[in-house]
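One letter stands for each residue in the lines below.
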Amino acid sequence: MKILVSLAAVGLLFLVGLLGGLGRAGEVVFGVLIPYPALVVFLGGLIYRVLSWAKAPVPFRITTTCGQEKSLPWIKQAKIDNPSGLPGVVIRMALEVLVFRSLLRNTKAKLYPAENRLAYGTSLGLWAAAMAFHWSMLVILIRHLRLALSPVPAVVTFVEKADGLLETGVPVFFVTTILFLAALVFLLGRRLLDPQVRYISLVDDYFPLLLLLGIGLSGFWLRHFAKADVVGIKELVVGLASFHPVLPAAIHPLFFGHLFLVSMLLIYFPFGKLVHMPGVFLSPTRNLANNNRRVRHVNPWDYPVKTHPYPEYEDEWREKMKAAGLPVEKA
Amino acid sequence: MAKPDEVGYYRQEELLKADHQPPKTGWMETPVDFRPGSYIYPGKAKNLKILGLPNPHEWAVTDADWKLPEDWQRIVLEGMAERLKKYRSFKLFMDTCVRCGACADKCHFFIGGGDPKNMPVLRAELLRSIYRKDFTTLGKVLGKLNGARELTADVIKEWFYYFYQCTECRRCSVFCPFGIDTAEVTMIGRELLGLLGLYINWAIEPVANCYRFGNHLAIPPHGMVDTLEFMVDDIEEATGIRVEVPLNKKGAEILFVPPSGDYVAAPGIYTCMGYLLMFHELGLDYTFSTYASEGGNFGLFTSHEMIKRLNAKIYAEAKRLGVKWILGGECGHMWRVLHQYMNTVNGPADFLEVPKSPITGTVFENARSAKVIHIMEFFADLIRHGKLKLDPSRNDHIRVTFHDSCNPARAMGILEEPRYVIKSVCNNFFEMPENTIREQTFCCGGGAGLGTDENMEMRLRGGLPRGNAVRYVQQRHGVNQLAAMCAIDRATLVTVCDYWAPGVKVTGITELVANATIFKGEKKRTLNLRLEPIPGVHQDEDGKGGQP
């Protein structure tokens, strides 16, 4: 049900964009009028979300420690998995963000009732797919800068060259296109076939996956089958990027389907699960040093609480304490 | 016929058949199955009254009506809104989960039980679904399709069941790519239930005791004198040494704070006897306190405010007695509080000095601000400097493994010190499989207030991963003792080992240290601290024992 709703939504959005691309008025709407607000929602939404997290204080330093603490000088500290200062934290966060360090630990636990045995195997499928997807996405974004920037920066050309190292097909097939689509299919397949993951999945899980698949497939089709006129598209995108939108004639209608899905992704991004992208940077179990006993952490909203002070305690027990030979404050 | 609160009620082959396939019905349509053995009795009104907590009332988990306050929905939603503003962790953990499922089979309760709501992700969704409905745009628009739902009385019941089926062990947070910490979610969930007067008695009674007596077990000051004096006699029988018991001693250098489980229940008492012996041997100028008689803090399992209310006594007592620094005993969650919370909630402790070992002169820079060190840090330093006279062969009949307790492992990272100490006092040490130790260690199944007998089914299920790993080293290496530096472990792992790996005994580390230490003026040691004959040591003709 949740996947069908998501699939229908993505399909419908694609068709709307595609049909829009058939007429001049539609081209204006989907090529110019929608991308701008979409970008505004994306940026504004993300800033809003990040600020909403940043505004909430971190009352306690609750690092999750994944290795030996810094204690006695002759005991080897796990400086990255249990950082005691900023350098360790920076490396820990970098590993988390760049290579998904925590996911790399993933295991699969399996219970064998007959043998009364619980076994653990490494389980790197999710990590590999996540890496393939996110890094491909980044490379694809960099490659797309070709369409927005004139002249094309050298770094973009370099990335494009490297990405096309297979040197097959005309135009050449990019490695990241294949990885991107394959990873998305794997992630979607896993979500559908793994009974536990399927059980917890929401529209917010299926919709972005399908939306990204739609964007990937339409982009792939544009390049390799429709062989869309890149010059016209570049003219449009450069115009958008320089706030002087122009609408060249004869852009393939499929492009507007593609662009509309991208616009929808931008709009959706700040509202759903995709905010995990900026969110990971703020995670207090990862971005704080485990130095609680060395450096005091201050809770900004700390308030006095009712306690049971010693004088009250002694008042209750004084006679018994004296009888038991315990020293007391008030004789 | 055994009852659900007895181990004999549960057959291993039945528990091992834990079905990990989710039910046909969606989780929102699957009601809670309150079967005896899987839930904990409600907090009694008298305990809530002692603590001044809202809506104290008598109720039963099986009642249809839990007698919530009239405007309970408003209370919960306002409570959520307030906490979303006060805790970045809570707000972020509500927003950033992508439901990748990496946490699912990391939870001991899910592994041993198969209930999908014990997957950490779904445990958090129980709360997140309400958050979505009332605090997010997508949730308001899409409703159930996007995992949003109305706050009903059944939701409260579900929260109660599953937030008290989480031991706040944080194992899932090691694996989460966003560092989402279910302990944080559970703690907030329990706080929200608390606003309605819903607690478990096995947590709130110790809290009430701790508030009034200074310890969870309601040992009054004169009771503590008796308890420790009793140990002094046993120590003398085992070693021939009469140790002193400094209590509430003003001007002592060190305030020693153990968990109260070590005062009264085996095998914790042997570790407490170990403390007394070791401190006597070292000539330490220290004191116990009857007022700060407990470092354990079930406030951690109750609310953030309660952490502070209960823990305040420790610095206050250190100040009153005029000690220089604080030494903490072998406890698990106590060390989460002492390490991650105490300095923030009760500090700054600027009236204390940076801990410095009076024997080795080592200054514990890592505790420069909080002024509290772990007894294993203290012992490791002593052994490293050759300050203990050890005969590890006295422990040769022991083949020991070490269970990392959740909080010292994942909220502190004290991994090597206990291993160094154990290896120094035992010749036969064996690690459990690597997926079950250090930061990946498994909970005993009874932490965070869940270690009570009425929860026996969940304790045995939750204890399965640990029990299975113990069984593995038992079969492979002949392991016969499991060492743990946590009072809850020393209580609950006895049950877990008896059930899943019978024959493996549980011990504290200090007990092992004291059994291996050659004390000044000791008689020939033929008995260990449990007053059991040490295997391989026999009575000589002159009545003195000796190594064969």
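Going along each chain's sequence as written, the residues are numbered from 1 onward. All chains are assigned letters beginning with A, and all ligands numbers beginning with 1, in the order in which they are written. Owing to the predicted nature of the model, reporting of local features is limited to residues with pLDDT of at least 70; listing and counting of side-chain atom pairs is limited to 80 or more, with chain, interface and lining totals taken over all residues.

**Quick word on the overall build of chain A**
Runs of E in the DSSP output that reach at least two residues are strands. Runs of H or I that reach at least four are helices, and both are numbered from the N terminus. Broken down by element type, chain A carries 14 helices and 2 strands. Restricting the calculation to C-alpha atoms gives the radius of gyration, and the globule rule supplies 2.2 Å times the number of residues raised to the power 0.38. Scaling as 2.2 N^0.38, a compact globule of 331 residues should have a C-alpha radius of gyration of about 20 Å, whereas chain A reaches 28 Å, well beyond that. If one aligns the C-alpha atoms of chain A with their principal axes, the spans along those axes are about 100 × 55 × 45 Å. The proportion of buried residues among the 331 residues of chain A is 37%. A residue pair is marked as a contact if its C-beta atoms, positioned from the backbone, fall within 7 Å. A fraction of 66% describes how many contacts in chain A between residues 6 or more apart in sequence connect residues 24 or more apart. Residues with at least 20 neighbouring C-beta atoms inside 10 Å of their own are called buried, those with 12 or fewer are called exposed, and the rest are partly exposed, where every C-beta is derived from the backbone.

**Digging into the overall build of chain B**
Within chain B one finds 23 helices and 9 strands. The proportion of buried residues among the 548 residues of chain B is 62%. Considering only intrachain contacts with a sequence separation of at least 6, the fraction spanning at least 24 residues in chain B is 76%.

**Things to note about the sheet that holds strand β7 (residues 505–507) of chain B**
Residue and element names in this part refer to chain B. Whether two strands pair depends on DSSP finding at least two bridges between them. Spatially, the 3 strands line up as an open sheet ordered β5-β6-β7, and their pairing is parallel. Sheet topology places β5 (400–403) and β7 at the edges, where each strand pairs with a single neighbour. This sheet shows a mean twist of 30° between the axes of neighbouring strands, independent of strand direction. Direction of pairing for β5 relative to strand β6 (residues 481–484): parallel, over a ladder of 4 bridges. In the strand pairing of β6, Val400 is matched with Gln481. Every axis in this analysis is a line fitted to C-alpha atoms, fitted for helices over the stretch in contact. Angles between the N-to-C directions lie between 0 and 180 degrees. Strand contacts of helix α22 (residues 487–500): β5, β6 and β7, with the helix running at about 155° to β6, the strand carrying the most contacts.

**A word on the nonpolar core**
Side chains of a nonpolar character, in soluble globular proteins, are inclined to be buried together. Residue and element names in this part refer to chain B. Buried Ala, Val, Leu, Ile, Met, Phe, Trp, Tyr and Cys residues whose C-beta atoms connect them within 7 Å together make up a nonpolar core. Counting residues in each nonpolar core, the largest one holds 234 residues, and the members touching the most others are Val207, Met273 and Ile422. Residue contributions to this core reach at least three from each of two domains, namely domain 1 (10–198) and domain 2 (208–516). Once residues lying within four places of it in the same chain are set aside, the contact partners of Val207 are Leu51, Phe298, Gly299, Thr302, Met306 and Leu310. Domain delimitation in this document rests on an assignment produced automatically or drawn from a domain database.

**Let's talk about the interface of chain B and chain A**
Taken together, the contact between chain B and chain A spans 98 residues of the former and 85 residues of the latter. Each residue is assigned to one of three groups, with Ala, Val, Leu, Ile, Met, Phe, Trp, Tyr, Cys and Pro labelled nonpolar, Asp, Glu, Lys and Arg labelled charged, and all others, Gly among them, labelled polar. Class assignment for the residues of the side of chain B that touches chain A results in 44 nonpolar, 25 polar and 29 charged.

**Description of the environment of Arg212 of chain B**
Tracing the chain through its elements places Arg212 of chain B in helix α11 (residues 201–213). The spacing of Arg212 of chain B and Asp233 of chain B is 21 residues in sequence and 29 Å in space, taken between C-alpha atoms. In this view, Arg212 of chain B contacts His308 of chain A together with Ile50 of chain B; residues no more than four positions away in its chain are not counted.

**Notes on the environment of Gln481 of chain B**
Residues and elements named next belong to chain B. Locating Gln481 in the fold gives a position in strand β6. Overall, Gln481 belongs to the buried group, with 22 C-beta atoms counted inside 10 Å. A sequence separation of 23 residues divides Gln481 from Val504, and the C-alpha atoms of the two residues are 5.0 Å apart. Setting aside anything within four residues of it in sequence, one finds Gln481 in contact with Ile398, Arg399, Val400, Val504, Lys505 and Thr507.

**Remarks on the environment of Val372 of chain B**
Secondary-structure assignment places Val372 of chain B in strand β4 (residues 372–374). A sequence separation of 97 residues divides Val372 of chain B from Tyr275 of chain B, and the C-alpha atoms of the two residues are 17 Å apart. If we skip the residues at most four places from it in the chain, Val372 of chain B touches Arg293 of chain A together with Ile326, Gly328, Leu338, Met342 and Ala367 of chain B.

**Here we look at helix α11 (residues 230–241) of chain A**
Relative to the 16 Å expected for 12 residues at 1.5 Å per residue, α11 of chain A spans 16 Å between its end C-alpha atoms, a close match to the ideal helical length. Once α11 of chain A finishes, Phe243 of chain A follows within two positions and takes phi at roughly 60°, a positive value. Helix span is expected to be 1.5 Å times the residue number reduced by one.

**Some points on helix α6 (residues 125–148) of chain A**
Residue and element names in this part refer to chain A. Between the first and last C-alpha of α6 there are 35 Å, a value that for 24 residues agrees with the 34 Å anticipated at 1.5 Å per step. Listing the buried residues of α6 in full gives Leu126, Trp127, Ala129, Ala130, Ala132, Phe133, Ser136 and Val139. At its buried positions, α6 is contacted by α5 (101–104), α7 (154–163) and α8 (175–193).

**What to know about the sheet that holds strand β2 (residues 286–287) of chain B**
All names here are of chain B. Here we have 4 strands laid out as an open sheet, ordered β2-β1-β3-β4, and parallel in their pairing. One side of each edge strand has no neighbouring strand; the edge strands of this open sheet are β2 and β4. Packing against the sheet, helix α17 (residues 375–384) makes contact with β3 (325–328) and β4, and its axis sits at approximately 70° to β4.

**Looking at the domain arrangement of chain B**
Residues and elements named next belong to chain B. Each assigned domain of chain B is listed with its residue range as follows: domain 1 (10–198) and domain 2 (208–516). Computed from C-alpha coordinates alone, the two centres of domain 1 and domain 2 are separated by 30 Å. Tallying the contact residues gives 29 residues for domain 1 and 29 residues for domain 2. At the level of elements, α2 (45–51), α5 (108–113), α9 (171–175) and α10 (182–195) are the ones that each hand at least two residues to the side of domain 1 that touches domain 2. The element that contributes the greatest number of residues to the side of domain 1 that touches domain 2 is α5, accounting for 5 residues. Considering only residue class, the side of domain 1 that touches domain 2 consists of 15 nonpolar, 9 polar and 5 charged.

**Notes on the confidence of the model for chain B**
Residues and elements named next belong to chain B. Per residue, pLDDT measures the predictor's confidence, with a range of 0 to 100. Put simply, chain B has an average pLDDT of 96, and 98% of its residues get 70 or more. Long-range and interchain partners of residues 541–548, a stretch whose pLDDT sits below 50, account for 15 contacts in this model, where long-range means more than four residues apart. If you check the scores for this complex, the pTM reads 0.96 and the ipTM reads 0.96.

**Describing the confidence of the model for chain A**
In the predicted model, chain A carries a mean pLDDT of 95, and the fraction of residues at 70 or more is 100%. Confidence, read as mean pLDDT per element, is least for helix α2 (residues 24–33) of chain A in chain A (91) and greatest for helix α4 (residues 86–99) of chain A (98).

**Observations regarding the pairing of β3 of chain B**
Across a regular strand the side chains alternate sides, sitting on one face of the sheet and then on the other. All names here are of chain B. Neither face of β3 is open: one carries Trp325 and Leu327, the other Ile326 and Gly328, and all of them are buried. Here strand β1 (residues 254–257) runs beside β3; their pairing, made up of 4 bridges, is parallel. Across the sheet, Leu255 pairs through a bridge with Ile326, a residue of β3. Sheet topology note: the β3/β4 ladder contains 3 bridges and is parallel. Opposite Ile326, over in β4, you have Val372 as the bridge partner. In this fold, β3 hands off to helix α16 (residues 333–346), which returns the chain to β4; that crossover is right-handed. When the strands point away from the viewer, a crossover counts as right-handed if the route from the first strand across the helix to the second turns clockwise.

**Comments concerning the packing of helix α3 (residues 35–55) of chain A against helix α12 (residues 253–268) of chain A**
All names here are of chain A. Between α3 and α12, the least distance of the axes is 7 Å, while the angle of their chain directions is 25°. As far as their axial angle goes, α12 and α3 are roughly parallel. Of the two possible hands of crossing, α3 and α12 adopt the one that is left-handed. Every residue of α12 that contacts α3 at Pro35, Ala38, Leu39, Val41 and Phe42 is listed here: Leu259, Ser263, Leu266 and Ile267. Angle categories: roughly parallel below 35 degrees, roughly antiparallel above 145, roughly perpendicular from 65 to 115, and oblique for all the rest. Two helices cross in a left-handed way if the nearer one is turned anticlockwise from the farther one by less than a right angle. They cross in a right-handed way if the turn is clockwise.

**Some words on unusual backbone geometry**
Backbone phi values are negative for most residues with the exception of glycine, while trans is the configuration of most peptide bonds. Following Ser150 of chain A, the chain continues to Pro151 of chain A via a peptide bond in cis, the omega torsion being 0°. Inspection of the secondary structure puts Pro151 of chain A in the loop between α6 and α7. For the peptide bond that leads from Gly347 of chain B to Pro348 of chain B, omega is 0°, which places it in the cis range. By secondary structure assignment, the location of Pro348 of chain B is in the loop between α16 and β4. Of note, the phi angle at Asn116 of chain A is positive, near 50°, even though the residue is not glycine. Tracing the chain through its elements places Asn116 of chain A in the loop between β1 (107–112) and β2 (117–122). Residues other than glycine seldom take positive phi values, yet Ala448 of chain B does so here, at roughly 60°.

**Comments concerning the packing of helix α1 (residues 2–20) of chain A against α12 of chain A**
All names here are of chain A. With their axes 7 Å apart at the nearest point, α1 and α12 run at an angle of 135° to one another. By the criterion of interaxial angle, the relationship of α1 to α12 is oblique. In the packing of α1 onto α12, the handedness of the crossing is right-handed. Two secondary-structure elements touch here, α1 through Leu13, Phe14, Val16, Gly17, Leu18 and Gly20 and α12 through Pro253, Leu254, Phe256, Gly257, Leu259, Phe260, Leu261 and Met264. Grouping the amino acids of the contact of α1 with α12 by side-chain chemistry returns 11 nonpolar, 3 polar and no charged.

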